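Chain and residue survey
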Amino acid sequence: MEGDAQAPYLQEWRGVFHGRAAAVVAPGSTDEVAAVMRLCHEAGIGVVPQSGNTGLCGGAAPDPSGSQILLSLRRMHRVREVDSANDTLTAEAGCVLATLQRAASTADRLFPLSLAAEGSCMLGGNLATNAGGTNVLRYGNARDLCLGLEVVLADGRVWHGLTGLRKDNSRYDLKDLFIGAEGTLGVITAAVLRLFPRPRQIQTALLALDSPATAVALLPALREAGGDTLTACELMSRTSLAMALAHIPGCRDPFDATHPWYLLVELSTPQAGDGLRGALEKALSRELEHGHILDAVVAESMDQARALWHLRESIPEGQRCEGASIKHDVSVAVSQVPAFLEAASTQVETALPGIRVCPFGHIGDGNIHFNLSQPEAMDAGAFRARWDDCNRIVHDVVTAMGGSIAAEHGVGQLKVAELERLKDPVELELMRSVKRALDPTGIMNPGKVVR
Ligand SMILES: Cc1cc2nc3c(=O)[nH]c(=O)nc-3n(C[C@H](O)[C@H](O)[C@H](O)COP(=O)(O)OP(=O)(O)OC[C@H]3O[C@@H](n4cnc5c(N)ncnc54)[C@H](O)[C@@H]3O)c2cc1C
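All figures in this text were calculated on a predicted structure; none of them were measured in a lab. (Residues numbered from 1 in each chain as written. Predicted model: local features only at pLDDT ≥ 70, side-chain atom pairs only at ≥ 80, totals over all residues. Heavy atoms only, no water.)

1. Section: the site of the ligand
- Neighbouring the ligand are 35 residues, the closest being Pro49, Ser51, Gly52, Thr54 and Gly55.
- Between the ligand and Asn53 there is a distance of 2.9 Å, counted from an oxygen atom to a backbone nitrogen or oxygen.
- The backbone of Met122 places a nitrogen or oxygen atom 2.8 Å from an oxygen atom of the ligand.
- Relative to its unbound accessible area of 970 Å², the ligand is 92% covered by the protein chains.
- When residues of the shell around the ligand are traced back to their parent elements, those giving at least two are strand S2 (47–50), helix H4 (123–128) and strand S9 (186–194).
- With four residues, H4 is the single largest residue contributor to the shell around the ligand. (Near = heavy atom within 4 Å. Polar contact = N/O pair within 3.5 Å; in protein donor to acceptor, adjacent residues only side chain to side chain. Areas by Shrake-Rupley, 256 points an atom, 1.4 Å probe, with all protein chains shown as cover. Helix = DSSP H or I, 4+ residues; strand = E, 2+ residues; numbered from the N terminus.)

Written as structure tokens, this is what we have:
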């Protein structure tokens, strides 16, 4: 593809990252990907793999030189096999995540990876970023859901690692190198994924709380009540929820009063029956009695459950309507989340009075989207000019707590410099050694993750 036809591949949906490419190629098979890689290897041309182009760190955007090739996996969208007895699904990298969920459901199974971009993001990108989402608490992230990979290496050779084995100690776990590598080590062309029994009972509730510390304290109580049925646990600050309520159609506050914090919890189980609701209600009334919960609503129907999730999923768009934002995708130990929120909020509010702190995220995994909205009266450009200052403050707090500055969205090009500033030099050097071993001429997604 050349000229205008390239445009959708070179600009991501927010318009934040864009580049130029010598060509956009969209191979239709693993052999064709291998042929492209062989040519690029021989000519020393940089290759940027791209799947759904929903990544948030600029990993799928070529640089501005116009000398790199963008390799789209879009045409590789076959579900190759569903093995119900083995609880596995084998699919190509260009399968849209929602399609995989449907394929699993058709086989009366669950593929539990779930994120707001699931209608557009694709398996290759999900694995390359080790995507997280809302069900990590119960099922793990993309890495935990993958048993085997097929990968085209930088020189065009193909690693046929498409195994559905759950036990195999005959090798180094090579797949774990490619998962989360953001296309810097090879092109993922297909994967074997783990399937699970489909949930027969799902209970969703929104709890009003006084603090993140209460949310953390509730986690063991919810686990005690529901065992391993606790599937999702999402924290929302009032500031972030208020932005969704103010701007996004269909968002309605289920409580009469406003509260400082909210916890969206979901329990699910493959067991038939109705015992889950009773267990949840019992746990919630005990916590209400003890004053740990200020108020609670339990969804009476799937529609009500969807309405509660709509609140959570509308936060990023609601925040966009409030002007410029500076975002952080960070993680700390779950026990440290309250201290992180306290320290990071205090420091950014001191550095920029009037800044609006809108944290929300997957508190059950210790993963907070620590988003900052511009002061109401401030010029958007002037606020964005404080990007590096805010990053430095937040990332320093996270690092001092032993956390990660790239919890689930990856590093891409966005966080390369911060990674160099903050990562253990030994770890960085090990990463560079792996990169040199698998991509000796440095053609795989140059400039992303490690330089
Ligand atoms: C509204 C919204 C909500 C989101 N919510 C979440 C969330 O909850 N959790 C989460 O983890 N992420 C989330 N994301 C981020 C994004 O959707 C994920 O990172 C997703 O996994 C990226 O998939 P993709 O197919 O779009 O990848 P792309 O954007 O195409 O690529 C992402 C990276 O992977 C590399 N890559 C792509 N395909 C391959 C391949 N076949 N082989 C090797 N490398 C490849 C690219 O080079 C790039 O570095 C969200 C994004 C949006 C827009």
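More follows now that the structure is in view.
2. Quick notes on the packing of aromatic side chains
- What the rule picks out here adds up to four aromatic pairs.
- Arranged with centres 5.9 Å apart and planes meeting at 25°, the rings of Trp159 and Phe178 form a pair that is stacked. Taken together, the residues span a long stretch of sequence, with Trp159 in strand S8 (residues 158–161) and Phe178 in helix H6 (residues 175–178) at a distance of 19 residues.
- A ring pair is formed by Phe255 and Tyr262, whose centres lie 6.0 Å apart and whose planes are at 20°; its orientation type is stacked. Summarising the burial analysis for this pair, Phe255 and Tyr262 share the class buried.
- Stacked on the ring of Tyr139, the Lys or Arg Arg138 has its end atom at 4.4 Å from the ring centre. (Phe/Tyr/Trp six-rings, centres within 6.5 Å; stacked < 30°, edge-to-face > 60°. Buried < 20%, exposed > 50% of the residue type's maximum accessible area, 1.4 Å probe, protein only. Lys NZ or Arg CZ within 6 Å of the ring centre and 35° of its normal.)

3. Examining the domain arrangement of the protein
- Parsing the protein into structural domains produces domain 1 (79–197), domain 2 (201–317) and domain 3 (323–405).
- The gap between the C-alpha centroids of domain 1 and domain 2 is 29 Å.
- Listed as interface residues are seven residues of domain 1 and, on the opposing side, 11 residues of domain 2.
- At the boundary of domain 1 with domain 2, total buried surface from both sides reaches about 730 Å², with 62% on carbon and sulfur atoms.
- Contact with domain 2 buries surface across domain 1, with Thr134, Leu137 and Arg138 losing the most and accounting together for 71% of the total.
- For the pair domain 1 and domain 2, the number of links is zero salt bridges.
- Counting the contacts that link domain 1 with domain 2 gives one residue pair in polar contact (both at pLDDT 80 or more).
- Classifying every residue of the side of domain 1 that touches domain 2 by side-chain character gives four nonpolar, two polar and one charged. (Domains from an automatic or database assignment. Contact = heavy atoms within 4.5 Å. Buried area = accessible area lost by both parts, 1.4 Å probe. Salt bridge = Lys/Arg side-chain N within 4 Å of Asp/Glu carboxyl O. Nonpolar A, V, L, I, M, F, W, Y, C, P; charged D, E, K, R; others polar.)

4. Considerations on the packing of helix H7 (residues 212–226) against helix H9 (residues 275–289)
- Orientation of H7 relative to H9, taken along the N-to-C sense of each, is 145°, at an axis distance of 9 Å. For the crossing formed where H7 meets H9, the hand is right-handed. Across the interface between the two elements, Leu218, Ala221, Leu222 and Ala225 from H7 touch Ala279, Leu280, Ala283, Arg286 and Glu287 from H9. (Axes fitted to C-alpha atoms, helices over the stretch in contact; angles between N-to-C directions. Left-handed = near helix turned anticlockwise from the far one by under 90°.)

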